[in-house]
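Analysis of the macromolecular model
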Amino acid sequence: MKHLKEYLGKMKAAGLVAAFCIDGQEEMEVQGLTFDSKAAVPGGIFVCKGKNFRVEYLKEALQRGCLCYVSEKHYELSEGASWIQVRDIRKAMPVLAAVFYETEQQPVHLTGITGTKGKTTTAYYIKAILDVWERKQQKEETGILSSVDIYDGKEQEPAKMTTPEAIEIHCHIRNAADAGIRYLTMEVSSQALKYKRVRGLKFDVGVFLNISEDHISPCEHENFEDYFTSKLSLFKQTRVACVNLDSAEKDRILSASRIAERVVTFGTTGAPDIWGHDIEMHDGKISFRVRCDRFHEKFHLRMHGLFNVENALAAIAAAYAYGVDVESMKEALVSVQV
């Protein structure tokens, strides 16, 4: 457990602190971190976040014994708790989470997937491939944070949102690391990027599937440009970017991806690094060939729908970036059902 002063120091170093009062409690060990007042524990930090936040939530957290609260405004309360006022609560949350869960030195390989369509299927394709690969090395099943469910080696539960809040993400990363999991695949929504839920994370592989105006609502993004720009920001925290050359706006996506350390392209048109061709469908089953500089092999999918070839090529590109052998890729994709 780290002392309260260490949390304050990290947020000061990030330029987030506007004011604070932790007199006499600097050496107190922080026992918990939450934005849910009902999950507050004695000695914990409570984060006041959200446009619908009410001071009653803070009062409940303090009644439950919270040591300190972090907020964008100072609340005049009689309880005498320590407080830290920050300039941006969204930026503060991942800093606090990384300290509490000791994930500043990222302990697992993260794969992030964004795009308008296909994120969930691609996430499970990638997980299936990595699971086969890890099993061959007698390693643990890999983790996933998807819009369907969550598995981190400790918890397996239905998902509440496409990408959890920062505190929850870091908790899952810690659980995965403690369980011996080496790879965690996650869907990264445009809102998660816009509202800084994944701020500070480094994706070993970041996949950009496609872009369209589907699913955009005014409460999420003010316009298509805001939506698109939010998704493109994934590349700023990505080591290897995997880009679909069949996507609309491919030139702009490819240009933005060059901020990553390396780019791997995939698709069925142009000259991608991972080229899918000879796509066939027989009795509802799909087969296609993939050519790259390491192999030229035929793949089979269990799932219906020609659009799943695009998702499979994305997963193959991610696996290629990790150095997975082609037999593991083929074995996984022929059996996985999302």
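Above this text sits the structure in question.
Described below are features of the structure shown in this document. This one's a predicted model, so the numbers in the text were calculated from it and none came from an experiment.

Structurally, Asp-204 can be placed in strand E11 (residues 203-208). Under the relative-accessibility criterion, Asp-204 is labelled buried at 14%. Within the structure, the side chain of Asp-204 is placed 3.5 Å from the side chain of His-109, a separation counted as a polar contact. The contacts of Asp-204, once residues within four sequence positions are left out, are Val-108, His-109, Leu-110, Arg-239, Val-240 and Tyr-322.

Looking now at the sheet that holds strand E3 (residues 44-47). In spatial order, the strands read E1-E5-E4-E3-E2; together these 5 strands make up an open sheet with mixed pairing. A single partner strand is all that each edge strand has here, and the edge strands are strand E1 (17-21) and strand E2 (32-34). When the angles between neighbouring strand axes are averaged without regard to direction, this sheet yields 15 degrees. Pairing of E3 with strand E4 (residues 68-71) involves 3 bridges; the strand directions are parallel. Counted as the bridge partner of Ile-45 is Cys-68 from E4. Relative to E1, helix H1 (residues 4-13) is tilted by about 160 degrees, and along the sheet it contacts E1, E3, E4 and strand E5 (82-86).

With that settled, the discussion passes to helix H3 (residues 89-100). Taking 1.5 Å per residue, 12 residues should reach 16 Å; H3 reaches 16 Å between its end C-alpha atoms and fits that length. Within H3, 11 of the 12 residues are buried, leaving the element largely enclosed by the surrounding structure. Those residues of H3 lying buried are Ile-89, Arg-90, Ala-92, Met-93, Pro-94, Val-95, Leu-96, Ala-97, Ala-98, Val-99 and Phe-100. For H3, the capping residue at the N-terminal end is Asp-88, with a side-chain oxygen 2.9 Å from the backbone nitrogen of Arg-90. One or two residues past the end of H3 sits Glu-102, with phi positive at roughly 55 degrees.

Let's shift gears to the packing of H3 against helix H5 (residues 166-178). A pair of packed helices is characterised by two quantities: the angle between their axes and the separation of those axes. Where H3 meets H5, the closest approach of the two axes is 8 Å, and the angle between their N-to-C directions is 25 degrees. Between H3 and H5, the angle is such that the two are roughly parallel. In this structure, H3 meets H5 at a crossing whose hand is right-handed. Note on element contacts: H5 touches H3 through Ala-166, Ile-167 and His-170, opposite Met-93, Pro-94, Ala-97 and Ala-98. In the contact of H3 with H5, the residues fall into 6 nonpolar, 1 polar and no charged.

Attention now goes to unusual backbone geometry. Notably, Gln-138 is not glycine yet its phi reads approximately 60 degrees, a positive angle. Its location among the elements puts Gln-138 in the loop between helix H4 (119-136) and strand E7 (143-145). Even without being glycine, Asp-278 reaches a positive phi, approximately 50 degrees. Looking at the secondary structure, you find Asp-278 in strand E14 (residues 274-282). Using a relative accessible area of 47% as the deciding quantity, one classes Asp-278 as partly exposed.

Cut-offs applied
- Residues numbered from 1 in each chain as written.
- Predicted model: local features only at pLDDT ≥ 70, side-chain atom pairs only at ≥ 80, totals over all residues.
- Heavy atoms only, no water.
- Helix = DSSP H or I, 4+ residues; strand = E, 2+ residues; numbered from the N terminus.
- Buried < 20%, exposed > 50% of the residue type's maximum accessible area, 1.4 Å probe, protein only.
- Polar contact = N/O pair within 3.5 Å; in protein donor to acceptor, adjacent residues only side chain to side chain.
- Contact = heavy atoms within 4.5 Å.
- Pairing = 2+ DSSP bridges.
- Axes fitted to C-alpha atoms, helices over the stretch in contact; angles between N-to-C directions.
- Expected span 1.5 Å × (residues − 1).
- Parallel < 35°, antiparallel > 145°, perpendicular 65-115°, else oblique.
- Left-handed = near helix turned anticlockwise from the far one by under 90°.
- Nonpolar A, V, L, I, M, F, W, Y, C, P; charged D, E, K, R; others polar.

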